[in-house]
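What the coordinates show
In case you want the letters, here they are:
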Amino acid sequence: MGSEFKREIEKKFRRFSFNDFQRMLYSYDLSEPPKILKRFIGIADVVIQPESKEEVYEILKLARKYKKHVIPRGAATSAYGGVLPYKGGIVVDFTRLNSFYVDEDKKLLISQAGVVWWDAQRELVKKGLSLRVYPTSAPSSTVGGWIGQGGYGIGSLKYGSIANNVDWVEVADFNGIKIRDPSKFVGLEGTTGFIVSAAIKLKDYKEDVAIALKADVEDAVRFVYNSKAHTAIFYSKKYVELLNSVMNFDIDKEVLLLAFECDVEGDRNLGEKLWEERFYPFRIRKVSNLVCVEVILPLKELIGFTKKILDIPFTISFAKQNAVVLIFLPVEKMSYGIWLKVMKLIKVAEKYGGKVYSSGLWFSYKSDKIFPNFEVLRNYKKEVDEYNLLNPGKVFPIGIVPRLIKIADKVVRC
Amino acid sequence: MLIDILKNSSLCLRCNYCRVCPVYSVEGWESASPRGKLYVINCIENGFPLNIEIAREFFKCTTCGNCEVVCQLGIPLVSLWESFRRYLNERGYLLPIHRKLKERTLKEWNPYGESRNMRANWLNVKISKDSDLLYFAGCTASYRTVEIAKSTVELFKKVGLDFNYAGVNEYCCGSPFFRTGQMDIAEKLFLKNLKIWKEMKVKKIVTSCAGCYRTIAKDYPILAEKFNYDFDFEVLHTVQLLEEIVKDFNSSKLSFKATYHDPCHLGRHMDVYDEPRRIIKKLGIDLVEMDRNREKAFCCGAGGGVKSQFKDLSFEIGKIRANEALKTNADYLLSCCPFCKLHLSQSLSFFDKKMIVADLVEVVNKSMQ
């Protein structure tokens, strides 16, 4: 590593690390790639924790000057490889950008990128306000992280995806820092600019009322869209069996959790228990080693698709016009074979009109299916990042990893 | 040993819910987070070279157990950290101050290095040599927060509770050494205390210190089994006796506002949350909880060998907790641990706003004048 690059970092920033041990710790996420892919994943050259948006911009200027890749990182609670320093570079840990305030008149949370969703929610509740949507990883994931990743969460049945709940984003790119429309940034994983802050839409706080209903997938679809629930999660029979053994629950069949902003009749006892568990979908890994696959299905194909996976634990989180199916594949040990199984499931979902939940690094070769306006986004990326330094390899595929996965994808038959 | 540790560390989902860790809250680097530490253990198993810098990170942990409470998979993290510290000690990665604590304790039988002969200097009441109830004051209440030990025995006298006390034959319970993985001296202290207790025909042990309570109630029975000794003592923390005392005796009603700090080794480690709150209520004190309380309570920052080895870090944590207490606008910050009292008092000294820090036993004792 160039000594001038190092000296400049030492001079400009307070919180950084060139330490081998620390660099290793900023080069992972939740995914567990097989060895054949792992060997192509780099390690951060340096980790910087900016303490202001101006420092983020300084990092970008430095990245351009030294032609260094620059990778944004929130809490790294995703499993799509979006925060991996694929080819090394500067990892920018946003967790120190963690202040926020509330615009009570406009009902907006004005939050820096590193704020943890649940930290914000706790303060909002004190003011009689609440997030409309938040991720199931809200106890640790960051505002910038979820916007960068995109997707659905708690509240999405009524309020839509995170994309529908961001009023504006403040973005740092090589040209400076500006307030922007979110459309070219939500789900783009920092490839078109780094989100330094965002305005998130809020609602008046009302205590959630959760009920549980015994229902199969068909019943669930019917109930969900005839209800006024803001959140609906279906738990499959196999999932419920694992949940029973982990949590000592006594649920005898598949169940639907519905959460409302008003009082409703129903099984409140089980509803509250499942509501408490909304942040812990992976708790069932206590009793079985599992790998997760997340796919988005159009509602009309949901029943057909789930019939194909009845013998596997899964949950369905309903959104306004589609549903996210989270499938838990039992595994002995992580291997290339497991990845093939994952890809097979995604292929089955695609046959039913579905798509993989997110792009990241691993599924960047599917970005044209994930983003309907992919060409527009690609052109924008070229415009703002001519040297492809902003989180390269994510969303916009480059290099051997997406090629290898794509080859494997072609081999897999459903 | 590493194999057993790995069985648990490799379970980690990396969800980062363990960001509640007080050390991570202050330091902000992955190396300080439980998730990061678990990742490192797996990397070491896969050949990443262990060095003193990595070892130091593993000793930056108060063993508060907050990570264990929030862990989705319920990984037994406190015992994992302690096991890995034992592993590090066995490979020569003992940190200098922790080594010093051991040397001092081997000389004077307390980690403060105070004279063994002065251990019982605080005692100002007559003890009952025939009682099978032993008061175990512990090192901090014997040498640093003697008002807690004094209040405890005064209160026992007031309510006519006979008790015995080992005096200069009370040895450090070994808590700092269990927590920092120095099992050789921890075992030695266990054997010394056990011998005395057997000689004194003790049946019941009452401790003032949350750390002593956890150690004697939880760690000693494991060692007793290892050494093939009977361990048929009933072990209590004073707060568990206080409830009976407050119930049975008339105390004057107190009218101040207080917040309560759950000591990690009493709360998360031993599940004692309700007793102090019931006592506070019974005394008529207006209890105002801090935002983080009970099993989610933030650590004071002193435990697990952190205060001795990483003083600045320990005070940064202490200041966060002190500030949480100040935000309640209470008159008193109450707790049930001499080590927490000492550290929170010192941490509060960094603020202009003041509040009185007291052990619950002091308050109960005063209420029974």
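Residues numbered from 1 in each chain as written. Chains lettered and ligands numbered in written order. Predicted model: local features only at pLDDT ≥ 70, side-chain atom pairs only at ≥ 80, totals over all residues.

Points about the overall build of chain A
Of the regular secondary structure elements, chain A holds 15 helices and 17 strands. Rg of the C-alpha trace for chain A: 21 Å, near the compact-globule value of 22 Å for 414 residues, within the 12% margin. Projected onto its principal axes, the C-alpha coordinates of chain A cover approximately 65 × 55 × 40 Å. A total of 414 residues make up chain A; the buried ones form 49% of that total. Residue pairs in contact within chain A that sit at least 24 positions apart in sequence constitute 70% of those at least 6 positions apart. (Helix = DSSP H or I, 4+ residues; strand = E, 2+ residues; numbered from the N terminus. Rg over C-alpha atoms; globule rule 2.2 N^0.38 Å. Buried ≥ 20, exposed ≤ 12 C-beta atoms within 10 Å, placed from the backbone. Contact = placed C-beta atoms within 7 Å.)

As for the overall build of chain B
Across its full length, chain B holds 18 helices and seven strands. Its C-alpha radius of gyration of 20 Å places chain B within 12% of the 21 Å reference for a compact globule of 369 residues. Reported as C-alpha extents along the three principal axes, the dimensions of chain B are approximately 65 × 50 × 35 Å. Counting only residues that meet the buried cut, chain B has 53% of its 369 residues in that class. Pairs at least 24 apart in sequence give 79% of the contacts found in chain B among residues at least 6 apart.

Remarks on the domain arrangement of chain B
The accessible area lost on association of the parts is a frequent measure of interface size. Residues and elements named next belong to chain B. For chain B, the domain assignment lists domain 1 (2–90), domain 2 (96–240) and domain 3 (249–367). The distance between the C-alpha centroids of domain 2 and domain 3 comes to 22 Å. At the level of secondary structure, the elements contributing two or more residues to the side of domain 2 that touches domain 3 comprise α7 (96–108), α8 (138–143), α9 (146–158), α10 (175–179), α12 (210–227) and α13 (238–248). In terms of residue count, α9 provides more of the side of domain 2 that touches domain 3 than any other element does, six residues in total. For the side of domain 2 that touches domain 3, a count of residues per class yields twelve nonpolar, twelve polar and five charged. (Domains from an automatic or database assignment. Nonpolar A, V, L, I, M, F, W, Y, C, P; charged D, E, K, R; others polar.)

A short note on the environment of Ser161(A)
Residues and elements named next belong to chain A. Among the secondary structure elements, Ser-161 is positioned in the loop between α7 (156–159) and β8 (166–173). Considered as a pair, Ser-161 and Pro-135 are 26 residues apart in the sequence and their alpha carbons are 9.8 Å apart. Discounting chain neighbours no more than four positions away, the residues touching Ser-161 are Gly-150, Gly-151, Tyr-152, Ser-156 and Ala-319.

Structural notes on the pairing of strand β4 (residues 90–93) of chain A
Residue and element names in this part refer to chain A. Of the two faces of β4, the one carrying Ile-90 and Val-92 and the one carrying Val-91 and Asp-93 are both buried. One ladder, built from three bridges, connects strand β2 (residues 46–48) with β4; its direction is parallel. Bridge pairing in β4 links Ile-48 to Val-92. Sheet topology places strand β3 (residues 70–73) next to β4; four bridges connect them, and they run parallel. Each bridged residue has a counterpart across the sheet, and for Ile-71 the counterpart in β4 is Val-91. (Pairing = 2+ DSSP bridges.)

Topic: the interface of chain B and chain A
Each partner contributes to the interface: chain B provides 18 residues, whereas chain A provides 21 residues. Of all the secondary structure elements, the ones that give two or more residues to the side of chain B that touches chain A are α3 (34–45) and α4 (52–59) of chain B. Top element by residues in the side of chain B that touches chain A is α3(B). It accounts for three residues. Looking at the side of chain B that touches chain A, its residues break down into eight nonpolar, six polar and four charged.

Digging into helix α10 (residues 268–276) of chain A
Residues and elements named next belong to chain A. What α10 keeps buried is the set Gly-271, Leu-274 and Trp-275. Projection of α10 onto a plane perpendicular to its axis shows the buried side chains occupying an angular sector of 105 degrees, all on one side. Those residues of α10 that are exposed and aimed more than 90 degrees away from the buried face are Asn-269 and Glu-276. On its buried face, α10 sits against β11 (209–214) and β13 (255–260). (Arc of directions from axis to C-beta.)

With respect to the sheet that holds strand β15 (residues 314–318) of chain A
Residues and elements named next belong to chain A. As summarised here, the arrangement of the seven strands in space is β11-β13-β12-β15-β16-β14-β17, forming an open sheet in which the pairing is antiparallel. The open sheet has two free edges, formed respectively by β11 and β17 (355–356), since each of these has just one partner strand. One ladder, built from nine bridges, connects strand β14 (residues 290–298) with strand β16 (residues 322–330); its direction is antiparallel. Its bridge partner being in β16, Val-295 is matched across the sheet by Val-325. Most of the contacts of helix α11 (residues 299–307) go to β14, to which it runs at about 140 degrees, and overall it touches β14 and β16. In the packing of helix α12 (residues 336–351) onto the sheet, the strands contacted are β14, β16 and β17, and the crossing angle to β14 comes to about 15 degrees. (Axes fitted to C-alpha atoms, helices over the stretch in contact; angles between N-to-C directions.)

Quick look at the environment of Asn250(B)
Of note, Asn250(B) is situated in the loop between α13 and β4 (257–260). Residues Asn250(B) and Ile44(B), spaced 206 residues apart in sequence, show a C-alpha to C-alpha distance of 59 Å.

A word on the packing of α13(B) against helix α14 (residues 274–282) of chain B
All names here are of chain B. At a closest axis distance of 9 Å, the pairing of α13 and α14 adopts a crossing angle of 30 degrees. Here α13 lies roughly parallel to α14, going by the angle between them. Seen along the crossing, α13 lies across α14 with a hand that is left-handed. Across from Val-239, Gln-240, Leu-242, Glu-243 and Val-246 in α13, the residues of α14 making contact are Glu-275, Pro-276, Arg-278, Ile-279 and Lys-282. The residue makeup of the contact of α13 with α14, split by class, is five nonpolar, one polar and four charged. (Parallel < 35°, antiparallel > 145°, perpendicular 65-115°, else oblique. Left-handed = near helix turned anticlockwise from the far one by under 90°.)

Some points on unusual backbone geometry
Residues and elements named next belong to chain A. Phi angles above zero are rare outside glycine, and Glu-189 is one such case at about 55 degrees. Along the chain, Glu-189 turns up in the loop between β9 (176–180) and β10 (194–204). One non-glycine residue, Asn-248, lies in the positive phi region at around 55 degrees. Counting through the fold element by element, Asn-248 comes out in the loop between α9 (237–247) and β13.

Looking at the sheet that holds strand β3 (residues 234–237) of chain B
Residue and element names in this part refer to chain B. What the three strands build is an open sheet, ordered β1-β2-β3; its pairing is parallel. Each of the sheet's edge strands pairs with one partner strand only, and the pair in question is β1 (133–136) and β3. For this sheet, the mean angle separating the axes of adjacent strands, direction not counted, is 25 degrees. Pairing analysis gives four bridges linking strand β2 (residues 204–207) to β3, with the strands arranged parallel. Among the inter-strand pairings, Lys-204 is bridged to a residue of β3, identified as Glu-234. Running at roughly 80 degrees to β3, α13 makes contact with β2 and β3 of the sheet.

Let's talk about the domain arrangement of chain A
All names here are of chain A. Per the domain assignment, the segments making up chain A are domain 1 (3–95) and domain 2 (209–356). Placing the centre of domain 1 and that of domain 2 at their C-alpha centroids yields a distance of 34 Å. Facing four residues of domain 1, the contacting portion of domain 2 comprises five residues. Looking at the side of domain 1 that touches domain 2 residue by residue, the class counts come to three nonpolar, no polar and one charged.

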